[in-house]
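# Secondary and tertiary structure notes
This is what each chain is made of:
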Amino acid sequence: MDQPLNTTQDTLAYTLWPAREKRAVLRNAVLVVGGTLAIWLSAKIQIPFHPVPLTMQTFVILALGMAYGYRLATATLLLYLAEGLVGLPVFAGTPEKGIGLAYMAGTTGGYLIGFLLAAATCGWLADRGWGKNVVTTAAAMLIGNVIIYIPGLLWLAAVVGLDKPIFEWGLTPFLLGDLTKLILAAAILPALWRFVRKT
């Protein structure tokens, strides 16, 4: 008889979709592939916003980290980056701005690295219960955003030069949108946990 899969991860994904050992691999594969599809879609949708159009890509990446936990979130982002590396148009601005390694080596390459690090970090925090209330969820999302920006800005500076307005190009236009997404996540994720506890 199959036994429930033992895991120390107490995340939304594992709570909403528990799986026995023989089905855990299938469950994880579906979640990882589904996660890459969600990131892909979020990169392509632009919402009118000020001062730049808003995509939900960072929201989806960080929310997946909080919902999936460290291992699933890391696997999801590794697969997403691999999809982009082989030439699938999964990134924002592809295929118009190039595909594959040529795109990843461009000005946004550091943000792609940041996506992986941020999802893994948010997943690690989620494994420790940070997604269950408003304050810790907001803190985790803030940490995730900072982690995205650090390699993103460093890479951008290396590509275009330190004499360029790095922060004006790669940081300040996105701060208001990121704050909006942080507030949204801090409302949604704890609400989902409250719903799960009641069912």
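Since the structure is predicted, the reported quantities are computational estimates derived from the model, not experimental observations.

Reading the values: rules and limits
Residues numbered from 1 in each chain as written. Predicted model: local features only at pLDDT ≥ 70, side-chain atom pairs only at ≥ 80, totals over all residues. Heavy atoms only, no water. Helix = DSSP H or I, 4+ residues; strand = E, 2+ residues; numbered from the N terminus. Rg over C-alpha atoms; globule rule 2.2 N^0.38 Å. Buried < 20%, exposed > 50% of the residue type's maximum accessible area, 1.4 Å probe, protein only. Contact = heavy atoms within 4.5 Å. Areas by Shrake-Rupley, 256 points an atom, 1.4 Å probe, with all protein chains shown as cover. Lys, Arg positive; Asp, Glu negative; His and termini not counted. Charge placed at Lys NZ, Arg CZ, Asp CG, Glu CD. Salt bridge = Lys/Arg side-chain N within 4 Å of Asp/Glu carboxyl O. Axes fitted to C-alpha atoms, helices over the stretch in contact; angles between N-to-C directions. Parallel < 35°, antiparallel > 145°, perpendicular 65-115°, else oblique. Left-handed = near helix turned anticlockwise from the far one by under 90°. Nonpolar A, V, L, I, M, F, W, Y, C, P; charged D, E, K, R; others polar. Phe/Tyr/Trp six-rings, centres within 6.5 Å; stacked < 30°, edge-to-face > 60°. Expected span 1.5 Å × (residues − 1).

Helix and strand counts for the protein chain stand at nine helices and zero strands. Taken from N to C terminus, the helices and strands of the protein chain fall in the order α-α-α-α-α-α-α-α-α. The C-alpha atoms of the protein chain give a radius of gyration of 17 Å, which matches the 16 Å a tight globule of 199 residues would have. Projected onto its principal axes, the C-alpha coordinates of the protein chain cover approximately 60 × 35 × 25 Å. Within the span of the protein chain, comprising 199 residues, buried residues form 46% of the whole. Considering only intrachain contacts with a sequence separation of at least 6, the fraction spanning at least 24 residues in the protein chain is 65%. Accessible surface, the protein chain as shown: approximately 10500 Å² in total, 72% of it carbon and sulfur. Averaging the coordinates of the 14 positive side-chain charges in the protein chain and doing the same for the 9 negative ones gives two points 9 Å apart.

On to the pattern of salt bridges, then. In total, this model carries two salt bridges according to the counting rule given. Lys164 is the salt-bridge partner of Asp163, the closest N and O atoms lying 3.4 Å from each other. Overall, Lys164 belongs to the partly exposed group, its relative accessible area being 32%. Where Asp178 meets Lys181, a salt bridge forms, and the shortest distance between an N and an O atom there is 3.4 Å. On the criterion of helical spacing, the pair formed by Asp178 and Lys181 is a turn pair, its members being three residues apart in helix H9 (residues 175–198). Each member of the pair, Asp178 together with Lys181, is buried.

The subject of this paragraph is the environment of Val86. For Val86, the position within the fold is in the loop between helix H4 (70–85) and helix H5 (100–104). Residue classification places Val86 among the exposed residues on the basis of a relative accessible area of 68%. In this structure, the C-alpha to C-alpha distance between Val86 and Gly100, residues 14 residues apart in sequence, is 5.5 Å.

This part is about the packing of helix H2 (residues 21–44) against H4. Contact geometry for H2 and H4: axes closest at 9 Å, N-to-C directions at 55°. Relative to H4, H2 is oriented oblique. Here H2 and H4 pass one another in a crossing that is right-handed. Touching Asn28, Leu31, Val32, Val33, Gly35, Thr36, Ile39, Trp40 and Ala43 of H2 are Leu72, Ala75, Thr76, Leu77, Leu79, Tyr80 and Glu83, all from H4. Classifying every residue of the contact of H2 with H4 by side-chain character gives 11 nonpolar, four polar and one charged.

Turning next to the packing of aromatic side chains. Within the structure shown, the criterion is met by three aromatic pairs. Judged by centre distance (5.3 Å) and plane angle (85°), the rings of Tyr80 and Phe91 are edge-to-face. You can see Tyr80 sitting in helix H4 and its partner Phe91 sitting in the loop between H4 and H5, a full 11 residues away along the chain. For Phe91, a relative accessible area of 1% gives the class buried. Taking 5.4 Å as the distance between ring centres and 15° as the angle between the ring planes, the aromatic pair formed by Phe91 and Tyr103 counts as stacked. Of this pair, Phe91 sits in the loop between H4 and H5 while Tyr103 sits in helix H5; the two residues are 12 residues apart in sequence, bridging distant segments of the chain. Comparing Phe91 with Tyr103, the two get one shared label, buried.

Here we take up the side chain of Lys181. On the basis of relative accessibility, which here comes to 7%, the residue Lys181 falls in the buried class. Not counting residues up to four positions away in its chain, the partners in contact with Lys181 are Leu54, Thr55, Met56, Thr58 and Phe59.

On to helix H3 (residues 57–68), then. Between its first and last C-alpha atoms H3 spans 16 Å; for 12 residues at 1.5 Å apiece the expected length is 16 Å, and the two agree. Among the 12 residues in H3, 12 count as buried, and that is most of the element. Taken together, the buried positions of H3 are Gln57, Thr58, Phe59, Val60, Ile61, Leu62, Ala63, Leu64, Gly65, Met66, Ala67 and Tyr68. Close packing links the buried residues of H3 with helix H1 (12–16), H2, H4, helix H6 (109–127), helix H7 (134–160) and H9. After H3 finishes, the residue Gly69 shows a positive phi value of roughly 90°.

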